[in-house]
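Chain by chain, the residues run as shown.
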Amino acid sequence: MKWLPVKQNIAFFLSSEFFTDALRTTISILLPAWILFSLGKPDVAVAVGVGTLLTSLTDSSGTYHDKRAVSLVSILLFFFVALITSYTWQYPWLMGSVLFVFCFTLSMLTTLGNRFAMVGTTAIALSIFINGLKPQNGFEFSAYILTGGVCYYLVTLVHAWLWPFRSLRQAVAECLKTTAMYMSARTAFYNPHVLLEKAYQQIIPFHTLVNEKHEAVRDLLLRDKLAMRPDNPNGQRLLKIATLVIDLYERITTVHFDYRYFRNEFETSGAPEVISRFIDIMAQQLEQAGNAVYQGKQIKSDVHANELQYLRRRLQYILEKESDRNRRLLQQLESNINDIESRIQALSLTVVNEEAVYIADDEVLNYPEFISNSPRMVQQFKSHLHWRSPLFRFSLRLAIACLFGYVLTQTLPLGYYSYWIMLTVVVVMKPAFSITTQRNRQRLIGTLAGVAAGFLIITLVKNGTALLVLSLVFLLGFFTYARSRYLIGVLFITPMVIICLHIYSGGKFIFIIERIYDTLIGCGIAFAASYLFPVWERYNVTNYVYNVLEANYAYLEAYYKKISGEQISFNHYKLLRKNVYMRLADFSAAFKRLLSEPNKKSIPIDDLESFQALNHQLYGNVASLSLQSFQNKEINSDNAQAALAAEALNKLKSCLNTLKQLPSNDDLAYSFENNSHNKNYLSNEEHEQLQSVISAISQLQELTKDIAECTQGSL
């Protein structure tokens, strides 16, 4: 039993898109190179291999249309860059100018999204590679680069045409698995040995990760016309699974109450251990469903059936011995567990059977509204051509850093492979200071560890065939992790380069030293350049705080309108829910970047951490109340719910006004009568949740004032 999760994870890895794409890419690079070497054309083999290798780095998850668009752009762009560089490398002053222009213009492709950002970065790397290889026949070399790119994408497009849903299946499977991780993390709330503040700190990063997976699924699924066709059973099943898992995540987040009270009251009863084990089992079931989605295998019968029955009996025993208030709390938890478990079962049925009945919404959703639309490419590019744009500053920063590296290689005797310095600068530097610092650290650790591994291998292994086999394994490892885990990717590519150069140079070792100091110099340049007209997150933190509060305000306002008798569509409700997810994730990501920046002592870190936790609580309570309002068809428009919701809205509005530096009571849209007897119209659960919402918002009011004062930020 202990080995089952390990075996499942290994099976998932071997069948995952990352590994299978890496295997296809490795074969696509090596097979043509081996044939050309066999025909006695090593120069052609190197040129075609470089073209294939760099083109493969632009291939990322996406629809068939995405891959076709990226392939066309990258193939033509690479040919143009190769042609220009091949005819200018002999003139250092001209090459420096070309490199500066390429670095700036191609890095500006980041404005068009991650796919084209990778195309731009790889095109810059191609120019640097050509400057190092110094081809004598520019047009011929460029034609070979073009040939390598065309060959790679022919294989890729045929593969995508034959298996159109591979990327989508991977995205849905990862969405299920990260949701399972989020569920497991929530067991910390029931563990009395974990501080509640620590529990929130642990769980919030998982929210950011889950939101990323949700967006990836929406991006791939809702833009794929083949998958969205009603007559396509595979696409419709993936749509059902995606809908279920996103709704399931909402149900999980709505399980929120006073955990401190729960810990104190049930510490000796055993209830926390029972609830935690329930959550662990459901998380395992969800992870198993994720593995089944991608591998296309049947989900094994529930191995936890007997244990679940035992846990239910134990929970009933605890219920019988508790007070009325505690009994209601446990019954609420039991109801939530049963609801989540039924949804996981429905999801599992949908995974293995496309005809399975699943929990349907009351209304048909307008799916195109859930796609994050962007302006047209030309407009999007132009919109960043100004000094205030972080991407404009990044592009200029990268161009200056690369030009400095190029001048360094031209003036100092740094060795034959000195172009590694510029390559290091290009792959390490990113728009955000924190990400550049992280990549710098990963590059240094990966390179030093990889050099040690490579040196050990070439010292101990003397058989040429064995060395070639090991280099292929390392190349496969690099392509497997290049997109997902940069540190591991560097750890694989470094010994591969060392082994290949060792064979090519006839057993020399000097290039190992060169690899180390080139990496150190490149990382040093990248780190120093990150202080060149940067965009610090501490100056934008007020905007992120405002966006989170604004999203929560719109979400709570929809609930208020619903219970007041207005018609709110389920489609609109889910759009507001998506917006809250995204704003919370954006804030968490920005806060994480902020923690890596220098001079952060002036920022109220503790207040921002509390702000995160309170918004997580607020969202959970509002989501729970909203779901109850949609389930309740008979709405009484004159009750205490509307009064308390209006009070909460006005407090949130006060927070927004504070950030705008307006009077706290300016533009309060809702009036209410806060009569104490009104709570008699509410159930205990509803009243406690609304009071929890108001309490959280009251705390947010104080935090917002402190944040606005410390950041000196207004909108």
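Structural notes, computed from the coordinates. (Residues numbered from 1 in each chain as written. Predicted model: local features only at pLDDT ≥ 70, side-chain atom pairs only at ≥ 80, totals over all residues. Heavy atoms only, no water.)

Turning to the environment of Leu311, a few remarks are in order. Mapped onto the secondary structure, Leu311 falls in helix α14 (residues 305–320). Relative accessible area serves as the criterion here: at 4%, Leu311 is assigned to the buried category. Taking the C-alpha atoms as reference points, Leu311 and Ala271, 40 residues apart in sequence, are found 9.8 Å from one another. Each residue touching Leu311, except ones within four places of it in the same chain, is listed here: Val274, Arg277, Phe278 and Ile281. (Helix = DSSP H or I, 4+ residues; strand = E, 2+ residues; numbered from the N terminus. Buried < 20%, exposed > 50% of the residue type's maximum accessible area, 1.4 Å probe, protein only. Contact = heavy atoms within 4.5 Å.)

Residues Leu23, Ile27, Leu31, Trp34, Ile35 and Leu39 make up a contiguous nonpolar surface patch of roughly 620 Å² in combined accessible area. Examined against the element boundaries, Ile27 turns out to sit in helix α2 (residues 17–38). (Patch = residues over 30% accessible without salt bridge, like charges linked within 9 Å, V, L, I, M, F, W, Y side chains within 5 Å. Areas by Shrake-Rupley, 256 points an atom, 1.4 Å probe, with all protein chains shown as cover. Salt bridge = Lys/Arg side-chain N within 4 Å of Asp/Glu carboxyl O.)

So, about empty space enclosed by the protein. Throughout the structure, instances matching the rule amount to eight cavities of 30 Å³ or more. What the largest cavity holds in volume is close to 180 Å³. Taken together, 15 residues make up the lining of the largest cavity; nearest its centre are Arg218, Thr243, Ile246, Tyr367 and Phe370. Only α9 (196–221), α11 (233–253) and α24 (570–594) provide two or more residues apiece to the lining of the largest cavity. A per-element tally of the lining of the largest cavity places α11 first, with five residues. Taken together, the residues of the lining of the largest cavity sort by class into nine nonpolar, one polar and five charged. By volume, the second largest cavity is sized at about 110 Å³. Looking at the lining of the second largest cavity, the elements with two or more residues in it are α13 (271–295) and α15 (324–352). (1 Å grid on protein atoms, 1.4 Å probe; cavity = no way out; pocket = protein on both sides within 12 Å on 5 of 7 lines; lining within 4 Å. Points joined across faces, edges and corners; volume = space filled by probe spheres on them. Nonpolar A, V, L, I, M, F, W, Y, C, P; charged D, E, K, R; others polar.)

Bringing the packing of helix α3 (residues 42–56) against helix α7 (residues 138–162) into the picture now. To characterise two packed helices, one gives the angle between the axes of the helices and the distance between these axes. Look at α3 against α7: their axes get within 7 Å of each other, and the N-to-C directions meet at 50°. What the angle tells us is that α3 and α7 run oblique. Crossing hand, α3 versus α7: right-handed. Two secondary-structure elements touch here, α3 through Val44, Ala47, Val48, Val50, Gly51, Thr52, Thr55 and Ser56 and α7 through Phe141, Tyr144, Ile145, Gly148, Gly149, Tyr152 and Tyr153. For the contact of α3 with α7, a count of residues per class yields nine nonpolar, six polar and no charged. (Axes fitted to C-alpha atoms, helices over the stretch in contact; angles between N-to-C directions. Parallel < 35°, antiparallel > 145°, perpendicular 65-115°, else oblique. Left-handed = near helix turned anticlockwise from the far one by under 90°.)

It is worth spelling out the packing of aromatic side chains at this point. Tallied over the full model, the rule gives 32 aromatic pairs. With a centroid separation of 6.2 Å and 5° between ring planes, the pair formed by Phe587 and Phe591 is classed as stacked. Linking Phe587 with Phe591, this pair stays in helix α24, spanning four residues, or about one helical turn. Like Phe587, the residue Phe591 is buried in the burial classification. Taken together, the aromatic side chains of Tyr182, Tyr249, Tyr555, Phe570, Tyr573, Tyr581 and Tyr619 make up a single cluster linked through ring pairs. (Phe/Tyr/Trp six-rings, centres within 6.5 Å; stacked < 30°, edge-to-face > 60°.)

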